[in-house]
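Listed here are the chains, written in short residue letters.
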Amino acid sequence: MKEYKMRRGEYLEERIPDMESTVEEYFGPITGTEEYKGSDLYVIGEPDNPVFEKIVVGTVEYSGKKDKLGVEFYERDPTELGPEELEAAADAVDIKNDFLLEATARDAKARRDSMKRSVEDDPDHDF
């Protein structure tokens, strides 16, 4: 599960006031929920885009800290995709990036840089 933080001074609930409908709009109908760090995240068991097997997404709430966006994309093996499904692969990347941009206000480069910084700041990593 990847967790994404918002830009300084921004909050997830302000960027996406209705997480459920936004998730359904981007990925398809919600089929259940899954617990992660005490928060219930939405599960899309049969996403609209055939490249995805399953998606788990939602707000990860922290007491005393800003909430983060939690996302896990389960994607099918590209060797198993047919010709039409391969065409959907580019759309899958666009859908992921568009959703993450709307939620976090950070583009792909800014998200990568932020992830690098969080790993560098983590005292538990081994070299």
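Conventions we followed
Residues numbered from 1 in each chain as written. Predicted model: local features only at pLDDT ≥ 70, side-chain atom pairs only at ≥ 80, totals over all residues. Heavy atoms only, no water. Helix = DSSP H or I, 4+ residues; strand = E, 2+ residues; numbered from the N terminus. Buried < 20%, exposed > 50% of the residue type's maximum accessible area, 1.4 Å probe, protein only. Polar contact = N/O pair within 3.5 Å; in protein donor to acceptor, adjacent residues only side chain to side chain. Patch = residues over 30% accessible without salt bridge, like charges linked within 9 Å, V, L, I, M, F, W, Y side chains within 5 Å. Areas by Shrake-Rupley, 256 points an atom, 1.4 Å probe, with all protein chains shown as cover. Salt bridge = Lys/Arg side-chain N within 4 Å of Asp/Glu carboxyl O. Lys, Arg positive; Asp, Glu negative; His and termini not counted. Charge placed at Lys NZ, Arg CZ, Asp CG, Glu CD. Phe/Tyr/Trp six-rings, centres within 6.5 Å; stacked < 30°, edge-to-face > 60°.

With an unreviewed UniProt entry as reference, the protein chain is termed DUF5611 domain-containing protein, source organism Haloterrigena turkmenica.

Within the element layout of this structure, Glu3 appears in strand E1 (residues 2-4). We classify Glu3 as buried; its relative accessible area is 15%. A distance of 2.5 Å separates a polar atom in the side chain of Glu3 from a polar atom in the side chain of Tyr62.

Attention now goes to a negative patch on the surface. Residues Glu84, Glu87, Asp91, Asp94 and Asp98 make up a contiguous surface patch of negative charge. Since its relative accessible area comes to 43%, Asp98 is described here as partly exposed.

Our focus in this paragraph is the packing of aromatic side chains. Taken as a whole, this structure holds 6 aromatic pairs when the rule is applied. Between Tyr26 and Phe27, the aromatic rings sit 6.0 Å apart at their centres with planes inclined by 40 degrees, giving tilted as the arrangement. Looking at Phe27, the relative accessible area reads 2%, which means it is buried. Taking the centre distance of 5.8 Å and the plane angle of 65 degrees together, the rings of Phe27 and Phe73 count as edge-to-face.

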